[in-house]
Amino acid sequence: MAGPVLALPAGPRHEPEFGHDALVVCDSLVRIYQTDSVEVQALQGLDLLIHEGEMVAIVGASGSGKSTLLQVLAGVDTPTAGRARVAGHDLVDMSRAERVLFRRHVVGFVRQQAARNLVPYLTASQVVDLPMTIAGTARKERRVRAEALLESLGVAHCASRRPQQMSGGEQQRVAIAVALANRPQVLLADEPTGELDSETAEEVFAALRTANQQLGATVVVVTHDAAVSGQVARTVAIRDGRTSSEVLRSVDTADAVGVVEEYAVMDRAGRVQVPREFREALELTRRVRIALAEDHVEIRPGQGEVE
Ligand code: ADP
Ligand code: MG
C-alpha cells in the first residue's frame, strides 16, 4: 500500500507569533545604508529576542552592525526590512508622534562619548531634570526622582557639578541617570565604557547593573570589553549583521561568574553558522553531509565533491 500519510490536525494551526512574550523582538531585521554608489548591509536578517528584566551584552567586531541595531531599537533609525518591536511598539510602522513618545518614555540611550550625553552648562541635577520637564512631570516629583537616581548610581556628590567638573566615569553614570529619568523599560548603551580605563569602566558597569537589578530596567549594552561581557548572564555575538552565537553564564552575585555554555544561534529558517575554526579544522566547504543522530545532528565534509 501507500507509505504512511502524515495525519494533519484539522483546522487552523495556532502557532504563537515569534517572540510574542519578549520585550525586544528583532525578526529577520535588515538595514541597508545606501550612499551614492555603494550599498552597505549593516544588518542582514538579524533575529534577537530579549525578555523583560534581562541584562544582555552585545559584542562583535567593529562594523558588524552593533550601533545600527541599537539605533533601530532606540527608534532613531528605521529598518529597511524585517520586524522590530520594543515593549509592544512596532518600530517599522510607527507614526512620528508615536516615535517621539517612544523615545521619551520607553527607551533610554547612553552614548559612548560621555560629553555628548550631557550638556556643558547644566549640572547633573539639572540635566537629569530635563527629560522629566519635557515629559511634563511635576516639579516636586522631578526633584525627588533626580536625587534618588543620582544616589542609586553613586553620583549624588555630582548633583551640582557641571560635566567638566566630573570624571569620565561620573559623567557616564550621570548619563545613565538622564536615560532612566522617565522610567523607560529598556536602557540601551552603546559602548558606554569605550573611552574609560578599566577601573572607571567597572563603576559605570556597576551602575548599569543597578539600573537592571534595582531600578528594573531591561539593559542592552554594546561593549568591546571582554571583562564587561564576562559579567552578564547573556552575551550575544553579532557577526556580519547577524546574531552568530550566544554565551549564557550563571551570574549569582556581582563577581561570581561561571561559563555555562556557548550556543550557536539558529535563525528561523534553520540556518546555523558553523564557526570558522570548525570549518577550517575539517575543511568544511560549500557542501557538507548532514545527518540526524539520536540526540544530535552531525555535519561531515562532503566527499568526492566536484567543484
Ligand atoms: P558597529 O557598531 O558594530 O561597529 P555599525 O552598526 O556602526 O557597526 O556599522 C555597520 C556597517 O554599516 C559598517 O559597515 C558601517 O560602515 C555601515 N554604516 C553605519 N552607519 C552608516 C551610515 N550612516 N551610512 C552608511 N554606512 C553606514
Ligand atoms: Mg558602533
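Calculation rules
Residues numbered from 1 in each chain as written. Chains lettered and ligands numbered in written order. Predicted model: local features only at pLDDT ≥ 70, side-chain atom pairs only at ≥ 80, totals over all residues. Heavy atoms only, no water. Helix = DSSP H or I, 4+ residues; strand = E, 2+ residues; numbered from the N terminus. Buried < 20%, exposed > 50% of the residue type's maximum accessible area, 1.4 Å probe, protein only. Areas by Shrake-Rupley, 256 points an atom, 1.4 Å probe, with all protein chains shown as cover. Domains from an automatic or database assignment. Near = heavy atom within 4 Å. Polar contact = N/O pair within 3.5 Å; in protein donor to acceptor, adjacent residues only side chain to side chain. Axes fitted to C-alpha atoms, helices over the stretch in contact; angles between N-to-C directions. Parallel < 35°, antiparallel > 145°, perpendicular 65-115°, else oblique. Left-handed = near helix turned anticlockwise from the far one by under 90°. Contact = heavy atoms within 4.5 Å. Nonpolar A, V, L, I, M, F, W, Y, C, P; charged D, E, K, R; others polar. Salt bridge = Lys/Arg side-chain N within 4 Å of Asp/Glu carboxyl O. Pairing = 2+ DSSP bridges. Core = buried A, V, L, I, M, F, W, Y, C linked by side-chain atoms within 4.5 Å. Expected span 1.5 Å × (residues − 1). Arc of directions from axis to C-beta.

**Focus: the overall build of the chain**
When its secondary structure is counted, the chain shows 9 helices and 13 strands. Looking at the chain residue by residue over its 307 residues, the buried ones come to 44%. If you sum the accessible surface of the chain, you get close to 17400 Å²; carbon and sulfur atoms cover 51% of it.

**Observations concerning the domain arrangement of the chain**
Here the domain parsing of the chain yields domain 1 (51-79 + 91-264) and domain 2 (275-307). A separation of 41 Å is found between the C-alpha centroids of domain 1 and domain 2.

**So, the site of ligand 1**
What surrounds ligand 1 is the set Tyr 33, Val 40, Ala 42, Ala 61, Ser 62, Gly 63, Ser 64, Gly 65, Lys 66, Ser 67 and Thr 68. Within the backbone of Ser 64, one N or O atom sits 3.2 Å away from an oxygen atom of ligand 1. In this structure, Lys 66 approaches ligand 1 through a side-chain N or O atom, which is 2.8 Å from an oxygen atom. In isolation ligand 1 has 560 Å² of accessible area, and contact with the protein removes 62% of it.

**Some remarks on the packing of helix α4 (residues 124-134) against helix α6 (residues 168-180)**
Running from N to C, α4 and α6 point in directions that differ by 25°, and their axes come no closer than 7 Å. Viewed along their axes, α4 and α6 adopt a mutual orientation that is roughly parallel. As for the relative orientation of α4 and α6, their crossing is right-handed in sense. Contacts from Ala 124, Val 127, Val 128 and Pro 131 in α4 reach Val 174, Ala 177 and Val 178 in α6. A class-by-class count of the residues in the contact of α4 with α6 yields 7 nonpolar, no polar and no charged.

**Quick word on the pattern of salt bridges**
Taken as a whole and assessed by the stated rule, the structure comprises 10 salt bridges. Here Glu 298 ties to Arg 300 by a salt bridge, and the two come within 3.2 Å at their closest N and O atoms. The class for Arg 300 is partly exposed, based on a relative accessible area of 46%. One network of salt bridges, in which partners are shared, links Glu 54, Arg 234 and Glu 246.

**Description of the sheet that holds strand β2 (residues 39-50)**
The strand order β2-β1-β4-β5 describes an open sheet built from 4 strands, whose pairing is antiparallel. The sheet terminates laterally at β2 and β5 (89-90), the two strands that pair on one side only. The pairing of strand β4 (residues 81-86) with β5 spans 2 bridges and is classified as antiparallel. Paired with Val 86 across the strands is His 89, a residue of β5. Along the sheet, helix α1 (residues 66-73) makes contact with β1 (24-34), β2 and β4, crossing β1 at roughly 115°.

**Let's talk about the nonpolar core**
Grouped together as the largest cluster of nonpolar side chains are 39 residues, with contacts concentrated most on Val 127, Val 128, Val 174, Ile 176, Leu 187, Leu 208 and Val 221. Of all the secondary-structure elements, those providing two or more residues to this core are β3 (55-59), α4, α5 (139-152), α6, β7 (186-190), α7 (198-213) and β8 (218-222). Top element by residues in this core is α6. It accounts for 7 residues. Ignoring anything within four residues of it in the chain, the contact list for Val 174 reads Leu 118, Ala 124, Val 127, Val 128, Leu 150, Val 155, Cys 158 and Met 166.

**Some thoughts on α7**
Between its first and last C-alpha atoms α7 spans 22 Å; for 16 residues at 1.5 Å apiece the expected length is 22 Å, and the two agree. For α7, the full list of buried residues reads Thr 200, Ala 201, Val 204, Phe 205, Ala 207, Leu 208, Arg 209, Thr 210, Ala 211 and Asn 212. The backbone nitrogen of Glu 199 lies 3.1 Å from a side-chain oxygen of the residue at the head of α7, namely Asp 197.

**Here's the deal with α5**
A turn of α-helix holds 3.6 residues, and therefore any two residues three or four places apart point the same way. Between the first and last C-alpha of α5 there are 20 Å, a value that for 14 residues agrees with the 20 Å anticipated at 1.5 Å per step. Taken as a whole, α5 has its buried residues at Arg 142, Arg 145, Ala 146, Leu 149 and Leu 150. Along the long axis of α5, the arc covered by the buried residues comes to 125°, so they all point the same way. Away from the buried face of α5 by more than 90 degrees, exposed residues Lys 140, Glu 147 and Glu 151 are located. Those residues of α5 that are buried lie in contact with α4 and α6. At the exit of α5 stands Gly 154, carrying a positive phi of roughly 75°.

**A look at the packing of α6 against α7**
As a packed pair, α6 and α7 sit with axes 8 Å apart at the nearest point and diverge in direction by 15°. Put simply, α6 runs roughly parallel to α7. Crossing hand, α6 versus α7: right-handed. Residue-level contacts link Gly 169, Gln 172, Arg 173, Ile 176 and Leu 180 of α6 to Thr 200, Glu 203, Val 204, Ala 207, Leu 208 and Ala 211 of α7.

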